[in-house]
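So the chains spell out like this:
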Amino acid sequence: MTRAARDRTLVLLRHAKAEANNAGGDHERELTGRGRKDATEAGRWLLEHGIGIDEVLCSTSERTRQTCEAVWESGCPEAEIHHDRRIYNGSPETILDAVHEADDDADVLMVVGHAPGVPALAELLADGEGSTEGHRAMAEGFPTCALAVLHYAGRWSDLAFGDARLDRFHVARGAGS
């Protein structure tokens, strides 16, 4: 079987700033006020750059769920969201396994997850291809509410390390953050 040459966009978003502790444990940590502002700004940035999301793969943690909610509250059109426990503190390989199961009709897929899995996945997929400025910024760190926008031609199920090109890297910061 040959690989489809369909153009795809993968947006890798690290959750926004969360509280340091929660009585319910790490999985239940919520966004801070700054985190909500930053996630709203991430949604505005996606909207301003014409990046409409078709499907979202989101960690099951409270902070990633709240990050998604704030992205949609910014006016970014809401997409179909699938919460996947594998993304919660998942390795790059595990997160890529989840991406392989994305709907093949989705041209733009967003993964909302955590460090170190999401930053490592961005680096492994792009492998130096694409925006020099984006790679330089990403190498300086992948802070909370950072987005890596990668392009890929093919089926989600075929995506492998080194197959994508980093188009942009952006750290969303809301007013007063």
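Just so you know, these numbers come straight off a predicted model, no measurement behind them.

Q: How should the state of the cysteines be read in this particular structure?
A: Every disulfide links exactly two cysteines, by a covalent bond between their sulfur atoms. With the rule as written, the count across this model stands at zero disulfides. Cysteine 68 supplies the cysteine sulfur nearest to cysteine 58, a cysteine that is in no disulfide, at a spacing of 3.7 Å. Exposure remark for cysteine 68: the relative accessible area of 3% places this residue in the buried category.

Q: Which parts of the structure should I look at to understand the pairing of strand E1 (residues 7-14)?
A: On a regular strand, one side chain projects to one face of the sheet and the next to the other, so that they alternate. Of all the eight residues making up E1, seven are buried; the element is thus mostly covered by neighbouring parts of the structure. In terms of strand pairing, E1 meets strand E5 (residues 146-153) through seven bridges, oriented antiparallel. Considered in E5, the bridge of leucine 10 is made with leucine 150.

Q: Explain the environment of alanine 139 here, please?
A: Note that alanine 139 resides in helix H5 (residues 132-139). Residues alanine 139 and glycine 33 lie 106 residues apart in sequence; the distance between their C-alpha atoms is 27 Å.

Q: Would you explain the nonpolar core in this entry?
A: One recurring pattern in soluble globular proteins is that nonpolar side chains are buried together. In terms of nonpolar packing, the biggest core is built from 28 residues, with Leu10, Leu12, Leu125, Ala148, Leu150 and Trp156 touching the most fellow members. Elements that contribute at least two residues to this core include exactly E1, helix H3 (92-100), strand E4 (108-113), helix H4 (117-126), E5 and strand E6 (165-171). In terms of residues, this core owes the most to one element, H4, which gives five residues. Beyond its immediate sequence surroundings of up to four residues, leucine 125 is in contact with Leu10, Leu12, Leu96, Leu150, Leu159, Ala160, Phe161, Gly162, Asp163 and Ala164. Residues Ile51, Cys76, Ala79 and Cys145 belong to the second largest nonpolar core, which totals 25 residues.

Q: Which parts of the structure should I look at to understand the sheet that holds strand E2 (residues 55-58)?
A: The strands making up a sheet associate through backbone hydrogen bonding, with each pair oriented either parallel or antiparallel. Taken in spatial order, the six strands of this open sheet run E3-E2-E4-E1-E5-E6, and their pairing is mixed. Only two strands of the sheet have a single neighbouring strand rather than two, namely strand E3 (80-83) and E6. The average angle at which neighbouring strand axes cross in this sheet is 20 degrees, direction not considered. By the bridge criterion, four bridges tie E2 to E4 in an arrangement that is parallel. Each residue of the ladder has a partner; that of cysteine 58, found in E4, is valine 112. Helix H1 (residues 33-48) contacts E1, E4, E5 and E6 of the sheet and is inclined by roughly 35 degrees relative to E5. With respect to the sheet, H5 is in contact with E5 and E6, its orientation differing from that of E6 by roughly 50 degrees.

Q: Sorry if this is basic, but what is going on with the packing of H3 against H4 here?
A: Axis separation between H3 and H4 bottoms out at 8 Å; the angle between their running directions is 75 degrees. Between H3 and H4, the angle is such that the two are roughly perpendicular. Along its contact with H3, which presents Pro92, Ile95 and Leu96, the element H4 presents Gly117, Val118, Ala120, Leu121, Leu124 and Leu125. Across the contact of H3 with H4, the residue classes break down as eight nonpolar, one polar and no charged.

Conventions we followed
- Residues numbered from 1 in each chain as written.
- Predicted model: local features only at pLDDT ≥ 70, side-chain atom pairs only at ≥ 80, totals over all residues.
- Heavy atoms only, no water.
- Disulfide = S-S within 2.5 Å.
- Buried < 20%, exposed > 50% of the residue type's maximum accessible area, 1.4 Å probe, protein only.
- Helix = DSSP H or I, 4+ residues; strand = E, 2+ residues; numbered from the N terminus.
- Pairing = 2+ DSSP bridges.
- Core = buried A, V, L, I, M, F, W, Y, C linked by side-chain atoms within 4.5 Å.
- Contact = heavy atoms within 4.5 Å.
- Axes fitted to C-alpha atoms, helices over the stretch in contact; angles between N-to-C directions.
- Parallel < 35°, antiparallel > 145°, perpendicular 65-115°, else oblique.
- Nonpolar A, V, L, I, M, F, W, Y, C, P; charged D, E, K, R; others polar.

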